[in-house]
Amino acid sequence: MEEKKKRILDCAIDLFVLKGYMNTPVRDIIDVSGYGTSTFYRYFKDKEDLLTVLLSNFLDQIIDKVKEYFKQEQDVYKRFVESKRVIMEVFAANPKLSEIYIRVGGLSESVDKCLKEFDDRYLCFVKQNIEYGVKYGYFKNLPIYPISHSILAIIKYAIFKWIVLKEISQEEMIEMVVSFHQSLGEGLYQRILKEETQALM
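Quick caveat: nothing in here was measured; it's all calculated off a predicted structure. (Residues numbered from 1 in each chain as written. Predicted model: local features only at pLDDT ≥ 70, side-chain atom pairs only at ≥ 80, totals over all residues. Heavy atoms only, no water.)

Let us now look at the overall build of the chain. Within the chain, the regular secondary structure consists of ten helices and zero strands. Helices (α) and strands (β) of the chain occur, in sequence order from the N terminus, as α-α-α-α-α-α-α-α-α-α. For the chain, the C-alpha atoms occupy an extent of roughly 70 × 35 × 30 Å along the three principal directions. With 201 residues in all, the chain has 44% of them scored as buried. Sequence-distant contacts, at least 24 apart, represent 68% of the contacts inside the chain between residues at least 6 apart. (Helix = DSSP H or I, 4+ residues; strand = E, 2+ residues; numbered from the N terminus. Buried < 20%, exposed > 50% of the residue type's maximum accessible area, 1.4 Å probe, protein only. Contact = heavy atoms within 4.5 Å.)

Printed below as a string of structure tokens:
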């Protein structure tokens, strides 16, 4: 049953990129998938529900990759910077989902609500990690709201330049975001605390 659901999702991704989300009727997704109408509606209420599932699964994939990286890397500063490389590599490895993510904004109130939920989940994840750094003295106690939103903004801008404007390559997109976080991390990181800790060891 999950194989059928995945097939429908994969067909929807291809059609959304080829024709655009608004120009892709559910009937086309059903026809290309090779399954019947009842199979589609067994898994999804409508096309917007399908889009929500696509974006939610994509964000889950991003967060799972970052969590895996966090298990491997204990240095808080490296986590802050290099976890963004991990995130951008997921976008780079999924150009079709990246295109859907960056292009569907503003199409309808329900689609914008879906994107906001996507962004809010990521912002919550970013906020929790910065709060952890502040709590344990690794980061300066600066306002988290503008920092977390600037992180999301540079990610979206880099994807836009890569997918929509086609001004930069995948590699340049990744490096744009990583270099931004290197600078941001230098401003957040409490170097004095780090040096004092090292001196005591």
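Our next topic: the state of the cysteines. Counted according to the given criterion, the structure contains zero disulfides. Cys124 supplies the cysteine sulfur nearest to Cys114, a cysteine that is in no disulfide, at a spacing of 17 Å. (Disulfide = S-S within 2.5 Å.)

Turning next to the nonpolar core. Ranked by internal contacts, the top residues of the largest apolar core, which has 69 residues, are Leu50, Met88, Ile155 and Ile159. For this core, the leading source of residues is helix H4 (residues 47-72), giving twelve residues. Residues within four places of Met88 in sequence aside, it is in contact with Ile155, Ala158, Ile159, Met173, Ile174 and Val177. (Core = buried A, V, L, I, M, F, W, Y, C linked by side-chain atoms within 4.5 Å.)

Glancing now at helix H8 (residues 144-163). The terminal C-alpha atoms of H8, which comprises 20 residues, lie 29 Å apart, in line with the 28 Å expected from a rise of 1.5 Å per residue. Taken residue by residue, H8 has Ile144, Ile147, Ser148, Ile151, Leu152, Ile154, Ile155, Ala158, Ile159, Lys161, Trp162 and Ile163 as its buried positions. Check the buried side of H8 and you find it contacts helix H5 (76-93), helix H6 (95-103), helix H7 (109-135) and helix H9 (170-188). (Expected span 1.5 Å × (residues − 1).)

On to empty space enclosed by the protein. Across all of its chains, the model carries one cavity of 30 Å³ or more by this definition. Counted as a void, the largest cavity has a volume near 70 Å³. Together, Leu59, Ile62, Ile87, Phe91, Tyr101, Phe118, Tyr122, Leu152 and Ile155 line the largest cavity. Looking at the lining of the largest cavity, the elements that each hand over two or more residues are H4, H5, H7 and H8. (1 Å grid on protein atoms, 1.4 Å probe; cavity = no way out; pocket = protein on both sides within 12 Å on 5 of 7 lines; lining within 4 Å. Points joined across faces, edges and corners; volume = space filled by probe spheres on them.)

For Thr39, the position within the fold is in helix H3 (residues 37-43). The contact partners of Thr39, leaving out residues within four places of it in the chain, are Lys4 and Ile8.

What follows concerns the packing of H5 against H6. Remark: H5 packs on H6, axes separated minimally by 5 Å, with the N-to-C direction vectors making an angle of 100°. Judged on the interaxial angle alone, H6 and H5 are roughly perpendicular. Across the interface between the two elements, Phe91, Ala92 and Ala93 from H5 touch Pro95, Ser98 and Tyr101 from H6. Class assignment for the residues of the contact of H5 with H6 results in five nonpolar, one polar and no charged. (Axes fitted to C-alpha atoms, helices over the stretch in contact; angles between N-to-C directions. Parallel < 35°, antiparallel > 145°, perpendicular 65-115°, else oblique. Nonpolar A, V, L, I, M, F, W, Y, C, P; charged D, E, K, R; others polar.)

In this structure the tally under the stated criterion is twelve aromatic pairs. Here the aromatic rings of Phe16 and Tyr21 are separated by 5.1 Å at their centres, their planes lie at 65°, and the arrangement is edge-to-face. Both residues of the pair, Phe16 and Tyr21, count as buried. Measuring from ring centre to ring centre gives 4.8 Å for Tyr132 and Tyr136, while their planes differ by 45°; the resulting arrangement is tilted. The exposure class of Tyr132 is partly exposed, given its relative accessible area of 39%. (Phe/Tyr/Trp six-rings, centres within 6.5 Å; stacked < 30°, edge-to-face > 60°.)

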